[in-house]
Amino acid sequence: MPRLAFTTFGVLIEPSNHPQSKGFVDRIEETYAEAEGCEGFIDRSVRDIKTWTHSWGEQVCPNFLDPALAAQIAQTVTIWDDLESVFAYSYTGFHAEGLKMRKEWFREPEYPNYAAWWVADDHQPTFAEATQKLEMLHAQGSTPESFSFKKPFDTQGNPAVLDQAVAKEKMKRNAALR
């Protein structure tokens with residue numbers, strides 16, 4: 001059964017070791033822990049906070065970004081059961097609180113700050129693949145190969161609609177687990 005790969009992407013205003021980025025960096029472990037406890041979460045790349053490296057490959061600077069900013073990229077790659085699960089996680093709890101503060105830590109994006117795509121159940125996405133999906137979304141908008149919450153596609157590549165009722169139920173169940 002296909003699974004949903006999801007990448008988040010942002011460029012920190014200052015490098016990760018700068019005091020302005022401290023609030024973001026200090027939230028990373030708790031944010032990951034909350035995701036891992038959410039309904040529909042399957043797996044994620046693990047980041048070593050000391051070296052800033054990932055277990056699913058090295059980060060790749062997207063072609064829409066000045067390479068001089070590559071050291072300030074903050075990116076995640078996760079796998080979920082479905083779009084409603086990642087939506088429920090993203091807009092509630094600790095992660096949602098962080099989204100409200102993103103202007104303190106991140107440059108205003110002129111590019112997508114996330115992308116979703118379907119993968120086979122035995123496929124582990126890499127950061128190179130995630131960056132390619134961000135580039136596709138930036139260049140072409142939502143397509144079956146790379147899409148957003150606003151214009152998603154199902155596992156067959158057909159236009160779909162995020163089921164708000166299902167997402168709200170998942171939000172409630174996730175909240176009960178905290």
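Described below are features of the structure shown in this document.

Before going further, it helps to spend a moment on the nonpolar core. Leu 4, Phe 6, Trp 80, Leu 83, Val 86 and Phe 149 are the most contacted members of the largest nonpolar core, which has 19 residues in total. Ranked by the residues each element gives to this core, the list is headed by helix 2 (residues 83–90), at five residues. When neighbours within four sequence positions are excluded, Leu 83 is seen to be in contact with Leu 4, Ala 116, Phe 147, Phe 149, Pro 152 and Leu 162. Ranked by size, the runner-up nonpolar core spans ten residues in total, among them Val 11, Phe 64, Leu 69 and Leu 137.

Next up on the list: the packing of aromatic side chains. As enumerated under the stated definition, the model contains 14 aromatic pairs in all. Considering the side-chain rings of Trp 80 and Tyr 89, the 5.5 Å spacing of their centres and the 25 degrees angle between planes classify their relative orientation as stacked. Taken individually, Trp 80 and Tyr 89 each receive the classification buried, so the pair is uniform in this respect. Among the aromatic residues, ring-to-ring pairing joins Phe 6, Phe 87, Tyr 91, Tyr 114 and Phe 149 into one connected group. Directly above the aromatic system of Phe 94 lies the positively charged group of Arg 27, at a separation of 3.8 Å from the ring centroid. Over the ring of Tyr 32 we find Arg 44, and its NZ or CZ is 3.8 Å from the ring centre.

Reading the values: the criteria
- Residues numbered from 1 in each chain as written.
- Predicted model: local features only at pLDDT ≥ 70, side-chain atom pairs only at ≥ 80, totals over all residues.
- Heavy atoms only, no water.
- Core = buried A, V, L, I, M, F, W, Y, C linked by side-chain atoms within 4.5 Å.
- Buried < 20%, exposed > 50% of the residue type's maximum accessible area, 1.4 Å probe, protein only.
- Helix = DSSP H or I, 4+ residues; strand = E, 2+ residues; numbered from the N terminus.
- Contact = heavy atoms within 4.5 Å.
- Phe/Tyr/Trp six-rings, centres within 6.5 Å; stacked < 30°, edge-to-face > 60°.
- Lys NZ or Arg CZ within 6 Å of the ring centre and 35° of its normal.

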